[in-house]
Amino acid sequence: MTAPIVHLHGERLAVPERLIVAPAVGVFRPHVVGEGATVDEGDEIGIVEGPGTSCAVRSPFRGTLMGMQAHPGERLREGQPVAWLRVA
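Presented here is a report on the structure given in the accompanying data block. (Residues numbered from 1 in each chain as written. Predicted model: local features only at pLDDT ≥ 70, side-chain atom pairs only at ≥ 80, totals over all residues. Heavy atoms only, no water.)

**Side note on the overall build of the protein**
A count of helical and extended segments in the protein gives zero helices and eight strands. Counting from the amino terminus, the protein carries its helices and strands in the arrangement β-β-β-β-β-β-β-β. Counting the 88 residues in the protein, one finds 26% classified as buried. Sequence separation of 24 or more characterises 57% of the internal contacts of the protein that already satisfy a separation of 6 or more. Just so you have it, the protein exposes about 6,200 Å², and 55% of that area is on carbon and sulfur atoms. (Helix = DSSP H or I, 4+ residues; strand = E, 2+ residues; numbered from the N terminus. Buried < 20%, exposed > 50% of the residue type's maximum accessible area, 1.4 Å probe, protein only. Contact = heavy atoms within 4.5 Å. Areas by Shrake-Rupley, 256 points an atom, 1.4 Å probe, with all protein chains shown as cover.)

**Some remarks on the pairing of strand S2 (residues 26-30)**
Pairing of S2 with strand S7 (residues 75-76), which is carried by two bridges, proceeds in the antiparallel orientation. Looking across to S7, one finds that Gly26 is bridged to Leu76. (Pairing = 2+ DSSP bridges.)

**Structural notes on the packing of aromatic side chains**
Aromatic rings in a pair are described by how distant their centres are and how their planes are angled relative to each other. Counted according to the given criterion, the structure contains zero aromatic pairs. Above the face of the Phe61 ring, Arg18 is positioned so that its terminal group lies 5.7 Å from the ring centre. (Phe/Tyr/Trp six-rings, centres within 6.5 Å; stacked < 30°, edge-to-face > 60°. Lys NZ or Arg CZ within 6 Å of the ring centre and 35° of its normal.)

**Observations concerning the nonpolar core**
Membership of the largest hydrophobic core comes to 13 residues, with the highest contact counts inside it found for Ile20, Phe28, Ile45, Val48, Val57, Leu76 and Val82. Element by element, the count of residues in this core is highest for strand S8 (residues 81-86), at three residues. Residues contacting Val82, with those up to four places away along its chain left out, are Ile20, Val21, Ala22, Phe28, Ile45, Val57, Met68, Gln69, Ala70 and Leu76. (Core = buried A, V, L, I, M, F, W, Y, C linked by side-chain atoms within 4.5 Å.)

**Structural notes on the pattern of salt bridges**
Scanning the model with the defined rule gives four salt bridges in all. We note a salt bridge from Arg86 to Glu17, for which the minimum N-O separation is 2.5 Å. Taken as a pair, Arg86 in strand S8 and Glu17 in strand S1 (residues 17-21) lie far apart in primary sequence, 69 residues in all. Residue classification places Arg86 among the partly exposed positions, given a relative accessible area of 36%. Judged by its relative accessible area of 28%, Glu17 falls in the partly exposed class. (Salt bridge = Lys/Arg side-chain N within 4 Å of Asp/Glu carboxyl O.)

**Here we look at the sheet that holds strand S6 (residues 63-68)**
If you walk across this open sheet you meet the four strands as S1-S8-S6-S3, and the pairing is antiparallel. Looking at strand neighbours, the two that pair on one side only are S1 and strand S3 (38-39), the edges of this open sheet. Strand direction decides the pairing type here: S3 and S6, joined by two bridges, are antiparallel. What sits directly across from Thr38, in S6, is Thr64.

Following this line, the structure appears as structure tokens:
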């Protein structure tokens with residue numbers, strides 16, 4: 001006797017939080033963006049300054065800025081969380 005085939009359906013996980021991460025290694029210089037502000041996709045929230053270079057830190061999502069994870073002047077590595085958003 002064979003067991004019946006059961007099709008399992010995983011639950012749908014809709015996580016409303018997203019991270020903005022550092023695009024490169026360097027020192028974080030935030031722009032003045034207050035918590036609770038609406039951030040659009042592509043908005044620049046700061047820069048990361050490296051030796052002879054600077055990279056914009058841009059949000060890949062639209063949402064509400066819930067908090068900064070990096071402090072002004074903090075040395076960051078690529079991919080390190082900088083801020084978190086709540087998306088709708």
